[in-house]
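Analysis of the macromolecular model
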Amino acid sequence: MEGIKIGLTKGRLAEGAIELLTKAGIDCSPLEEKGRRLVFDLDNGRFQVILLKAADVPTYVEHGVVDIGIVGKDVLLEEEKQLYEVLDLKFGKCKLAVAGKTHLQENFNKHLRVATKYPNIAKGYFASKGQSVEIIKQEGSVELAPLMGLTDVIVDIVETGKTLRANGLVVLEEITDITARLVVNRVSYKTKNEGLLKLISAIEKVAI
Ligand code: PRP
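Conventions adopted
Residues numbered from 1 in each chain as written. Predicted model: local features only at pLDDT ≥ 70, side-chain atom pairs only at ≥ 80, totals over all residues. Heavy atoms only, no water. Pairing = 2+ DSSP bridges. Helix = DSSP H or I, 4+ residues; strand = E, 2+ residues; numbered from the N terminus. Axes fitted to C-alpha atoms, helices over the stretch in contact; angles between N-to-C directions. Core = buried A, V, L, I, M, F, W, Y, C linked by side-chain atoms within 4.5 Å. Buried < 20%, exposed > 50% of the residue type's maximum accessible area, 1.4 Å probe, protein only. Contact = heavy atoms within 4.5 Å. Near = heavy atom within 4 Å. Polar contact = N/O pair within 3.5 Å; in protein donor to acceptor, adjacent residues only side chain to side chain. Areas by Shrake-Rupley, 256 points an atom, 1.4 Å probe, with all protein chains shown as cover. Nonpolar A, V, L, I, M, F, W, Y, C, P; charged D, E, K, R; others polar. Domains from an automatic or database assignment. Buried area = accessible area lost by both parts, 1.4 Å probe. Salt bridge = Lys/Arg side-chain N within 4 Å of Asp/Glu carboxyl O.

Turning our eyes to something else, we now look at the sheet that holds strand β6 (residues 94-100). Judged by pairing direction, the sheet is mixed, and its five strands sit side by side in the order β8-β7-β9-β6-β10 without closing on themselves. Whereas interior strands pair on both sides, the edge strands pair on one side only; in this sheet they are β8 (133-137) and β10 (170-178). Between one strand axis and the next, the sheet turns by 25 degrees as a mean value, whatever way the strands run. Bridge count between strand β7 (residues 112-116) and strand β9 (residues 153-158): three bridges; the pairing is parallel. Bridge pairing in β9 places Val 114 opposite Val 153.

Laid out in structure tokens, this is it:
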């Protein structure tokens, strides 16, 4: 039988995802010394893990290149791909928030320039409040934008809050809570149903 392909992120969820799969009974030891490899066979080919950039996990799952993936709800909200979100894995807890310099709190309702890695989420959030904004897409280190005067605020994930504090920024508004999610390709869910249900149930039992 063909193995189950699993898409994992190389970023902040990597450690938690590998820990979870290990607890669910998959020998993930090849992933411990990964070097620059991106594809790993686990458990004698029963599983194959592909390491992806977080934003690419939903794309790979939607296209069926991987059968199942672990990714943050932030990425799912931003990408809106056609896939099944089957489990809240309860780790990778953080918040999506609007942040900026403290003095902005008073005139927060003016036309705002917003830097973010999440243009769709930011657009939707401010539209829902009827607030007029200009969104400037960034690839990372978003905190720099208000510091350097590129934008008034950012929309980004806040986990410990250390990055904001280190750069003199504060949370102005919380948008939503975020955790890691288990997502499944819609065709694989039918064609590899037995194997996937077994895996999902093993993961569900160990997800805190
Ligand atoms: C995320 C986010 C913040 C930081 C928040 O960046 O964009 O910069 O983590 O975490 P904290 O509240 O614990 O400080 P990430 O580390 O994913 O890197 P990136 O900026 O390259 O996307």
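Next up on the list: the nonpolar core. Grouped together as the largest cluster of nonpolar side chains are 30 residues, with contacts concentrated most on Ile 6, Leu 8, Ile 68, Ile 70, Leu 89 and Ile 203. Every element with two or more residues in this core is listed here: β1 (4-9), α1 (14-23), β2 (39-42), β3 (47-52), β4 (68-72), β11 (180-184) and α8 (193-206). Those residues in contact with Ile 6 that sit more than four places away from it in its chain are Leu 21, Ile 26, Phe 47, Gln 48, Val 49, Ile 50, Val 66, Ile 68 and Leu 199.

Right, let's get into the site of the ligand. Surveying the vicinity of the ligand reveals 13 residues, the closest of which are Lys 117, Glu 143, Asp 156, Thr 160 and Thr 163. One nitrogen or oxygen atom from the side chain of Glu 143 is found 2.6 Å from an oxygen atom belonging to the ligand. Taking 500 Å² as the accessible area of the ligand by itself, protein coverage stands at 68%. Secondary-structure elements contributing two or more residues to the shell around the ligand are β9 and α6 (162-166). For the shell around the ligand, the leading source of residues is β9, giving three residues. Its residues placed into classes, the shell around the ligand shows two nonpolar, five polar and six charged.

With that settled, consider the side chain of Thr 151. Mapped onto the secondary structure, Thr 151 falls in the loop between α5 (144-148) and β9. What makes Thr 151 buried here is its relative accessible area of 4%. Here the side chain of Thr 151 touches Val 153 through a polar contact of 3.0 Å, landing on its backbone oxygen. Setting aside anything within four residues of it in sequence, one finds Thr 151 in contact with Arg 113, Val 114, Ala 115, Ile 136, Ala 145 and Pro 146.

The subject of this paragraph is the domain arrangement of the chain. Partitioning the chain into structural domains gives domain 1 (4-92 + 179-206) and domain 2 (94-177). Here the C-alpha centroids of domain 1 and domain 2 sit 29 Å apart. Buried surface at the junction of domain 1 and domain 2, both sides included, amounts to about 730 Å², of which 49% is carbon and sulfur. Per-residue buried area on domain 1 facing domain 2 is highest for Arg 12, Asp 74 and Glu 78; these three make up 69% of the total on that side. The interface formed by domain 1 and domain 2 includes one salt bridge. Two residues, Glu 159 and Arg 12, come together in a salt bridge whose shortest N-O distance is 3.3 Å. On the surface where domain 1 and domain 2 come into contact, there are five residue pairs in polar contact (both at pLDDT 80 or more).

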